[in-house]
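# A closer look at the structure
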Amino acid sequence: MGHNRRFRWPVSLAAAVLAMTAVACQPSPGGQIDSVLWYCQPAAHWVEALPLGNGRLGAMVFGRTLDERIALNEQTLWTGGPYDSNGEGGAASLPEIRRLVFDGKHKEAEALFEKTMMGRAWEQAQYQPLGDLQLLFPGHAFPTAYRRSLDLDQAIATTTYRLGSIQYQREIFVSPVDQVIVVRISADRPGQVSLSATLRGRTNSKADEEERGDDAGTQGASTIGSEGLDVVLRGRVAPWKLSADRLRYEARLRAVVEGGTVALDNAREHDALRIHQADAVTLFVAAATSFRTFDDISDDPGTRVRETLAAAARQPYSRLRDTHLEEHRRLYRRVSLTLGTKGVPDVPTNERFGLFAKGQDEGLVALYFQFARYLLIGSSRPGSQPANLQGLWNADMNPAWGSKYTSNINLEMNYWPAEVANLSECHEPLFGLVADLARTGARTARLNFGANGWVLGHNTDIWRATAPIHGAYWGAWHAGGAWLATHLWEHYQFTQDRAFLARAYPLMKGAAEFFLDTLVKHPKHGWLVTCPSSSPENGPGGDPAWKKYPDGRYDKPVGICAGPTIDLQILRELFDQCALAAETLGRDPEFRARARQAREGLAPMQIGRLGQLQEWLEDLDSPDDHHRHVSHLWGVYPGSLISPRTTPALANAARQSLRLRGDAGTGWSMAWKINLWARLLDGERAHALLRNQLGLADSVNIDTARGGTYPNLMDAHPPFQIDGNFGGAAGIAEMLLQSHGGEIALLPALPKAWGTGRFEGLVARGAVVVDAEWRGGRLVRTVLRPRVDASPRLRPPAGQLVAAVLQERTPVPFTRLSGGVVRLSLRAGATYEVLFD
Ligand code: FUC
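Residues numbered from 1 in each chain as written. Predicted model: local features only at pLDDT ≥ 70, side-chain atom pairs only at ≥ 80, totals over all residues. Heavy atoms only, no water.

A few words now on the overall build of the protein chain. Helix and strand counts for the protein chain stand at 20 helices and 36 strands. Relative to the compact-globule value of 28 Å for 837 residues, the protein chain shows a C-alpha radius of gyration of 27 Å, a close match. On the principal axes, the C-alpha backbone points of the protein chain span a range of 80 × 70 × 50 Å. Within the protein chain, the fraction of its 837 residues that count as buried is 64%. By element, 50% of the accessible surface of the protein chain is carried by carbon and sulfur atoms, the whole surface being about 28500 Å². Within the protein chain, the 90 negative side-chain charges are centred at a point lying 2 Å from the centre of the 91 positive side-chain charges. (Helix = DSSP H or I, 4+ residues; strand = E, 2+ residues; numbered from the N terminus. Rg over C-alpha atoms; globule rule 2.2 N^0.38 Å. Buried < 20%, exposed > 50% of the residue type's maximum accessible area, 1.4 Å probe, protein only. Areas by Shrake-Rupley, 256 points an atom, 1.4 Å probe, with all protein chains shown as cover. Lys, Arg positive; Asp, Glu negative; His and termini not counted. Charge placed at Lys NZ, Arg CZ, Asp CG, Glu CD.)

Shown next as structure tokens:
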């Protein structure tokens, strides 16, 4: 079962030995250190290596001196090929499944669901590693003055060390402009660069094959050969029972030397480049697959790779580097964040976790925030696939949960920081996915529900599979598409881009239409509910351990139900958003009315016997339930149905639910709770969660139940899962700036630990760019840069008032509303400074 996979680390003995022998750390060279991750040892484990990416190609740099490993990824390399995930469909059994649920016969309902509604397979395709770039530097085993680093502002990983009197340097980046991985190796004396370089593909081990089983497909083997002086890796994923066609891929390595020689060495196991006594060498890796779209894999990766490589290798290194820097910084430099007054301690990044835990390094939070922005730029650029469970960084043939797209929290969380952290265009790959799902999910809607519109449950893959998988406990939930559709409206809120809204509206409408067709009246209360459904991955009474019998049978918890709170919350917002969008675009009055009417009939949110917000229609929440999913709090965040100001009773109940659930959990679970406490205006509790999330996770013991953060700042579910990074960053932003409910709230959940600080370039709904500066816990000034004409309400921090609003140092009028809130009138393109008492 996909949800209980073992996870193994690729442990390299050589790396571990090297880690111990690399002594004498090199302190930071002068200059910018607040955007740098750095270490005194090479990475012994993948979760210590440093990630680079251009949205499509990824690299993890270990920084070993003797035998460097750079783990490679291409974001479209998945098992299988285009397929239709649907079985015959269970629409005919829908009335019976519903009857069983309403009669309280949940086990029977799940059994019938699993018999009739599941997809052709119970798993989906998996994201695969491309292979490794391997570099061998004979004689480089015992360096001094070693240092490896990742500069987020450059998106360049650098490894430097001395060998005797010679200083070596490697710079690695993945260019978003030239679409290649570039490795530059140099020394401070001529003729000193000698190495061999090759590519290595990955092959399934027997254990991988067995563990994954038939349902997910396998990568199969690749071959290494050469063409001229290029090393070429070619592969084709293994045949898969669900797909007639299968993906092909190719990677190509070339070396351009300055001084010295390069030759092909095919005497060994397989072809390698031998670089001899060069002054410097630039290595290029280009890679591609035959993927064009989810239903077309007819591209020719060989031609693409050859052309890309030729175009890149023609250019001088300095030019490649400059254009890469410029394009990266265009996105990265939009936001800055400084927390605290202490400055950045000049110690290796892995030592900063301890300082942060002692309250001595809030700068780590700022680095963590920027790292998430960096990861989003690296794994989700216009034209690329959306960031999957691992962004695009995966070294495992059988990755946890297939490293695919889990849409009952994880995929959405990946995009929580996109808008507020000023990376709006990095959101686009998600919208492309939604457009595809609206096609594949329309078939599932018809076959399983006899409904119009489109539907997605809790998972999809690169082939946009939409049929339920895993089993009824997970697969009976089907509001994943509706949740994703709310991202379209969010993008519009933040950008005010009407042309985008016009394109997105049919997708939103399709997501809503499915529910307008499938909502049913609950026989007891007459409320409109979803059925069958579930509260994602949780059953009433918590998540009891699965009981497995020696003969392989198991008892599993039952999750199927009608009208879980999360569904009703998502649908309230989706129906509202559709109606507003239709109004804005002047379309579909009938549909608008239908959506509004359905919204009014939805089951209400309810407060239960523990004072909690009920997760289900019935008051079934257990005080002992510490389940990682907090689905019923969707209406607090990412939704905005519940807030301390507008719905105080529901907000109190949400608080109580959060208290009962506790502050621990997987990385993403803690990240969600940061956002929730921020929305509940409790900065101290949000910060406490952040402290938990930024706890250093043990990179070796992957069985630890505790989530946290690995030494390379990547999130530990465990194992590594990128959602926690993105959710954590969104939470940090949410503590500093909120813009739901029609107002821009400044420093709404500022913890004491961040008494002094500043940010520049965060974005509020209404398309207003916001800077703020505060001292001693008090906001000093804010700068607003509206991208469109706007008249937002602005809420200063509690206990402060707006003193003046200036445009080019000249006071402009504003209106005071109640509670310190003011109404501003802003013109697109102008800059306003707001001062506070
Ligand atoms: C959901 C979560 C798990 C994990 C997986 C990828 O199933 O419940 O914790 O994050 O997605």
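One pass over the full model with this rule turns up 49 salt bridges. Residues Glu 250 and Arg 234 are paired through a salt bridge, measuring 3.0 Å at the closest nitrogen-oxygen approach. Separated by 16 residues along the polypeptide, Glu 250 in strand 13 (residues 248–258) and Arg 234 in strand 12 (residues 230–236) bring together distant segments of the chain. Asp 663 is the salt-bridge partner of Arg 685, the closest N and O atoms lying 3.0 Å from each other. On the criterion of sequence distance, the pair formed by Arg 685 in helix 19 (residues 683–693) and Asp 663 in the loop between helix 17 (648–661) and helix 18 (667–679) is long-range, its members being 22 residues apart. Assessed through its relative accessible area of 23%, Arg 685 is described here as partly exposed. Of the residues examined, Asp 663 reaches a relative accessible area of 21% and is grouped as partly exposed. (Salt bridge = Lys/Arg side-chain N within 4 Å of Asp/Glu carboxyl O.)

With respect to the element layout, Leu 430 can be found in helix 11 (residues 428–449). Classification of Leu 430 as buried rests on a relative accessible area of 0%. Each C-alpha atom, one on Leu 430 and one on Leu 320, is 29 Å from the other, the two residues being 110 residues apart in sequence. Residues within four places of Leu 430 in sequence aside, it is in contact with Pro 386, Leu 411, Tyr 415, Leu 484 and His 487. (Contact = heavy atoms within 4.5 Å.)

Time to look at helix 15 (residues 565–585). An α-helical turn contains 3.6 residues, so a residue and the one three or four places further along point in the same direction. When the terminal C-alpha atoms of helix 15 are compared, their 30 Å separation across 21 residues agrees well with the 30 Å that a helix rising 1.5 Å per residue should span. The buried fraction of helix 15 is high, at 17 of 21 residues. Just past helix 15, the residue Gly 586 takes up positive phi, approximately 65°. (Expected span 1.5 Å × (residues − 1).)

Pairing is antiparallel in the open sheet, where 7 strands are placed in the order 17-28-29-30-36-32-33. Two strands close off the open sheet at either side, each with one partner strand: strand 17 (336–339) and strand 33 (810–811). (Pairing = 2+ DSSP bridges.)

Before going further, it helps to examine the sheet that holds strand 26 (residues 737–738). The mixed open sheet is built from 5 strands, whose spatial order is 26-27-31-35-34. In this open sheet, the two strands that pair with only one neighbour each are strand 26 and strand 34 (815–816). Direction of pairing for strand 31 (residues 793–795) relative to strand 35 (residues 822–823): antiparallel, over a ladder of 2 bridges. When the bridges of strand 35 are listed, Arg 793 appears paired with Arg 823.

Our next topic: the pairing of strand 17. Judged by which residues are buried, strand 17 turns out to be one-sided: Leu 337 and Leu 339 face inward and are buried, whereas Ser 336 and Thr 338, on the alternate face, are not. The sheet contact formed by strand 17 and strand 28 (residues 757–764) spans 4 bridges and is antiparallel. Of the residues in strand 28, the one forming a bridge with Thr 338 is Arg 758.

Surveying the vicinity of the ligand reveals 11 residues, the closest of which are Glu 537, Arg 628, His 629, His 717 and Gln 721. One nitrogen or oxygen atom from the side chain of Glu 537 is found 2.4 Å from an oxygen atom belonging to the ligand. The separation between an oxygen atom of the ligand and a polar side-chain atom of His 629 is 2.6 Å. Here the ligand, which alone exposes 290 Å², has 100% of that area covered by the protein. Here the residues of the shell around the ligand are counted per class, giving 3 nonpolar, 6 polar and 2 charged. (Near = heavy atom within 4 Å. Polar contact = N/O pair within 3.5 Å; in protein donor to acceptor, adjacent residues only side chain to side chain. Nonpolar A, V, L, I, M, F, W, Y, C, P; charged D, E, K, R; others polar.)

For any two helices packed against each other, one specifies the crossing angle of their axes together with the interaxial distance. One can describe the packing of helix 7 (residues 349–357) onto helix 8 (residues 363–379) by two numbers: an axis separation of 9 Å at closest approach and a directional angle of 130°. For the element pair helix 7 / helix 8, the angle class is oblique. Every residue of helix 8 that contacts helix 7 at Thr 349, Arg 352, Phe 353 and Phe 356 is listed here: Gly 363, Leu 364, Val 365 and Leu 367. For the contact of helix 7 with helix 8, the class distribution of residues is 5 nonpolar, 2 polar and 1 charged. (Axes fitted to C-alpha atoms, helices over the stretch in contact; angles between N-to-C directions. Parallel < 35°, antiparallel > 145°, perpendicular 65-115°, else oblique.)

We now examine the nonpolar core. For soluble globular proteins, the rule of thumb is that nonpolar side chains tend to be buried together. In this structure, Leu 135, Leu 283, Trp 463, Phe 575, Trp 672 and Phe 759 are the most contacted members of the largest nonpolar core, which totals 237 residues. No other element matches helix 8, which puts 12 residues into this core. Leaving out residues up to four positions away in the same chain, Phe 575 has contacts with Ala 512, Phe 515, Leu 516, Leu 519, Ala 595, Ala 598, Arg 599 and Leu 602. Residues Ile 156, Ala 286, Ala 288 and Ala 312 belong to the second largest nonpolar core, which totals 14 residues. (Core = buried A, V, L, I, M, F, W, Y, C linked by side-chain atoms within 4.5 Å.)

Once that is clear, we can look at the packing of aromatic side chains. Here a ring pair, both rings aromatic, is described through the centre-centre distance and the interplanar angle of the planes. With the rule as written, the count across this model stands at 19 aromatic pairs. Ring geometry for Phe 514 against Phe 515: centres 4.9 Å apart, planes inclined by 90°, an arrangement best described as edge-to-face. Like Phe 515, Phe 514 is buried. Through a chain of ring-to-ring contacts, three or more aromatic side chains come together here, namely Trp 416, Trp 483, Trp 634, Tyr 637, Trp 668 and Trp 672. Here the basic side chain of Arg 170 rests over the ring of Phe 137, its NZ or CZ set 4.1 Å away from the ring centre. Above the face of the Tyr 332 ring, Arg 373 is positioned so that its terminal group lies 5.5 Å from the ring centre. (Phe/Tyr/Trp six-rings, centres within 6.5 Å; stacked < 30°, edge-to-face > 60°. Lys NZ or Arg CZ within 6 Å of the ring centre and 35° of its normal.)

So, about the side chain of Ser 93. Topologically, Ser 93 is positioned in the loop between strand 4 (67–74) and helix 2 (94–102). What makes Ser 93 buried here is its relative accessible area of 11%. Contact partners of Ser 93, with chain neighbours within four places excluded, come to Leu 112 and Thr 116.

Turning our eyes to something else, we now look at the pairing of strand 16 (residues 280–289). Along strand 16, 10 of the 10 residues are buried, which leaves the element largely enclosed by surrounding structure. Of the two faces of strand 16, the one lined by Ala 280, Thr 282, Phe 284, Ala 286 and Ala 288 and the one lined by Val 281, Leu 283, Val 285, Ala 287 and Thr 289 are each fully buried. Direction of pairing for strand 9 (residues 181–187) relative to strand 16: antiparallel, over a ladder of 6 bridges. Bridge pairing in strand 16 links Ser 186 to Ala 280. The pairing of strand 13 with strand 16 spans 10 bridges and is antiparallel. Each bridged residue has a counterpart across the sheet, and for Val 256 the counterpart in strand 16 is Thr 282.

It is worth stressing that arrangement in space is one thing and function is another; only the former is reported here.
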